[in-house]
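# Understanding the architecture of this molecule
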Amino acid sequence: MKSIMLIVLVSCAAWGAVIFNGAGFSHPDDMAAALAWNGDRPLTSATYRMNIAAGGGWMVVNLVLHVISSILLYMFSGSLAAACLFAAHPMAGDAVASVAGRSSLLFAVLALGACLALKNGKWVYCALAAGAAFFVRQDAVNLLVILPALAWISGMRRAAAIIGLAAPARARCQWSAYAWQADVAGAVPELVAAGMPSSPPPLGHAAAYAGAVFGYALPRMIAPVDLSADPDAKFDFALALSAMLAAAMLWRKYSIIGAVIAACALAPYALAPLTDVFLEHRAYLAIAGVMMAFGASLRRGAAIVFVCLFLVMANFRAAAYATPVSLWEDAAWKNPGALRPRVNLGAAYAAAGRDGEAEREFMAAHLMRPDMQMVRNNIMILRARRGDIAGASRILDE
């Protein structure tokens, strides 16, 4: 009980601020996720309907789900260090502090619950949790690899074979919905016009995704610096090297299981070319796997130091998600050459009545993409609002 209370305390110390600081709807995806019913994610959409009916509590639900995930990780791995590191991990902020990230939280709860049930021989609970996960996220297909691998590593060879034989049919059904979503995201002109890149060819996406995972995601799970809502997912040699050195220590039973969970949680995104190569909330379950491996190798003193560092960094991330302005200022500062942070920051400034700063950001986006009509329209509106009709006409004539 003391261990569970400590996990709750660490989770609240890291992310409790999101309940009060206005976080939750700082990303444009947040409102779209909350209001639109997603037939491929009915359980996730149902939780949004509950919040709407209750008149709020969006971040309370997210924080509770994060606490449950952390406790389940502790019960499954037996490592208090891993659970506390996961509870305080700064990269978890893209899931915890964002309404759109709730699907990642729900999926982690069900995936870790299924793993715990399998470990304890509770087959019915394992099946129920794994089955429910397919109504939370399309990439729940990775459970069809995680569970057989866990059964095999744990010596349950027959269970691994049964789950493995049942996997292909369910994977095919799930993959159809997942691939369809990827095709739509890359084909809708409005999404591309709003600053999202069009989907690359499958092989090009797989290569870019591999670079993002090994150069951005995995290193930052060990050293979570320069996190961003719009990450510049390019290979970072120094961080990648540090992660490889840290991984050299991780070779125990639960380190292997953690590595399997992390790998399976990240792998599906390499196969479907989505417009965003990598977003941090998609790595939420993978963080649990990496912390499970990392925590197993840390001595008590080192674990305490890492948890304290993560707590400080998590509070900075929670503050970044407080408003759309703070979130996109942070993203634009960390990735100054990216288009979308400029567009979203301009929209956030305009919504806050800061027209001069909004025009500055839209002009920066206009220089990056002169053919982007939405940005040109916003510049014209801002100039016309302050009475600069000639300036608005110049943009119109370009």
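Residues numbered from 1 in each chain as written. Predicted model: local features only at pLDDT ≥ 70, side-chain atom pairs only at ≥ 80, totals over all residues. Heavy atoms only, no water.

### With respect to a nonpolar patch on the surface
Spelled out, the test is: Two joining distances apply to patches: 9 Å for like charges and 5 Å for nonpolar side chains (Val, Leu, Ile, Met, Phe, Trp, Tyr), and every residue must have over 30% relative accessible area and no salt bridge. Method for areas: the Shrake-Rupley scheme with a 1.4 Å probe, in which residue coverage is limited to the protein chains shown. In what follows, salt bridge is the name for a side-chain nitrogen of Lys or Arg lying within 4 Å of a carboxyl oxygen of Asp or Glu. Runs of H or I in DSSP of at least four residues are treated as helices and runs of E of at least two as strands, each being numbered from the N terminus. For each residue, the accessible area found with a 1.4 Å probe, counting protein chains only, is set against the maximum for its type, and the residue is called buried under 20%, exposed over 50%, and partly exposed in between.
Judged by side-chain polarity, I19, F20, V60, V64 and I68 come together as a nonpolar surface patch covering roughly 450 Å² of accessible area. Tracing the backbone shows I68 in helix α4 (residues 58–77). Residue I68 is classed as partly exposed on the basis of its relative accessible area of 33%.

### Digging into the environment of V60
Of note, V60 is situated in helix α4. Note: C-alpha distance between V60 and V96 (36 residues apart in sequence) is 9.5 Å.

### Section: the pattern of salt bridges
When their charged atoms lie close together, side chains carrying opposite charge are able to pair. This model, assessed by the stated rule, comprises 12 salt bridges. Two residues, R342 and E361, come together in a salt bridge whose shortest N-O distance is 2.9 Å. Here E361 lies in helix α19 (residues 355–368) and R342 lies in helix α18 (residues 339–351), a separation of 19 residues in the sequence. Across this residue pair, the class does not change: R342 and E361 are buried.

### So, the nonpolar core
What counts is decided by this rule: For our purposes a nonpolar core is just a set of buried Ala, Val, Leu, Ile, Met, Phe, Trp, Tyr and Cys residues, chained together by side-chain atoms within 4.5 Å. Throughout, a residue-residue contact means that at least one pair of heavy atoms, one from each residue, lies within 4.5 Å.
Ranked by internal contacts, the top residues of the largest apolar core, which has 113 residues, are W15 and L285. Broken down by element, the residue count for this core peaks at 13 residues, all from helix α7 (residues 102–119). With near-sequence residues (within four places) excluded, W15 lies in contact with L63, H66, A87, A88, H89, P90, A92, G93, V96, A314, R317 and A318.

### Looking at the state of the cysteines
Disulfides are covalent bonds that connect the sulfur atoms of two cysteines. For clarity, the cut-off: The criterion for a disulfide is a pair of cysteine sulfur atoms lying within 2.5 Å.
All chains considered together, the criterion is met by zero disulfides. The thiol sulfur of C126 is not disulfide-bonded, and the nearest other cysteine sulfur, from C115, lies at 7.5 Å. What makes C126 buried here is its relative accessible area of 6%.

### A few points about the packing of aromatic side chains
Operational definition: Only Phe, Tyr and Trp rings are paired, with Trp represented by its six-membered ring, and only when their centres lie within 6.5 Å; those with planes under 30 degrees apart are stacked, over 60 edge-to-face, the remainder tilted.
Across all of its chains, the model carries five aromatic pairs by this definition. Here the aromatic rings of F86 and Y284 are separated by 5.1 Å at their centres, their planes lie at 55°, and the arrangement is tilted. Placement of the pair is F86 in helix α5 (residues 80–88) and Y284 in helix α15 (residues 284–295), with a sequence separation of 198 residues. The exposure classification of F86 matches that of Y284, with both residues buried. The interplanar angle of 90° and the centroid separation of 5.1 Å between the aromatic rings of F294 and F306 together place this pair among those described as edge-to-face. In this pair, F294 is assigned in helix α15 and F306 in helix α16 (residues 300–320), connecting sequence segments 12 residues apart. Classification of F294 as buried rests on a relative accessible area of 2%. Among the residues examined, F306 registers a relative accessible area of 24% and is labelled partly exposed. Here the aromatic residues F25, Y48 and W58 are joined through ring pairs into a cluster of three or more.

### A short note on the environment of I71
Mapped onto the secondary structure, I71 falls in helix α4. By relative accessible area, which is 15% here, I71 ends up buried. Taking the C-alpha atoms as reference points, I71 and C84, separated by 13 residues in sequence, lie 9.0 Å from one another. In contact with I71, other than residues within four places in its own chain, are I4, I7 and V8.

### Description of the packing of α5 against α16
Our working rule: Here an angle of 0 to 180 degrees is reported between the N-to-C directions of two axes, which are lines fitted to C-alpha atoms, with helices fitted over the stretch in contact. Any angle that falls under 35 degrees is termed roughly parallel, while one over 145 is termed roughly antiparallel, one within 65 to 115 roughly perpendicular, and all others oblique. Throughout, a crossing is termed right-handed when the near helix is turned clockwise from the far one, and left-handed when it is turned anticlockwise from it by less than a right angle. Note that Gly is not counted as nonpolar here; it falls among the polar residues with everything else outside the nonpolar set of Ala, Val, Leu, Ile, Met, Phe, Trp, Tyr, Cys and Pro and the charged set of Asp, Glu, Lys and Arg.
The contact between α5 and α16 brings their axes to 8 Å, and the two run at 15°. As the angle between them shows, α5 and α16 are arranged roughly parallel. Note that α5 runs across α16; the crossing there is left-handed. Between α5 and α16, the contacting residues are A81, C84, L85 and A88 on the first element and A303, F306, V307, F310, L311 and A314 on the second. Grouping the amino acids of the contact of α5 with α16 by side-chain chemistry returns 10 nonpolar, no polar and no charged.

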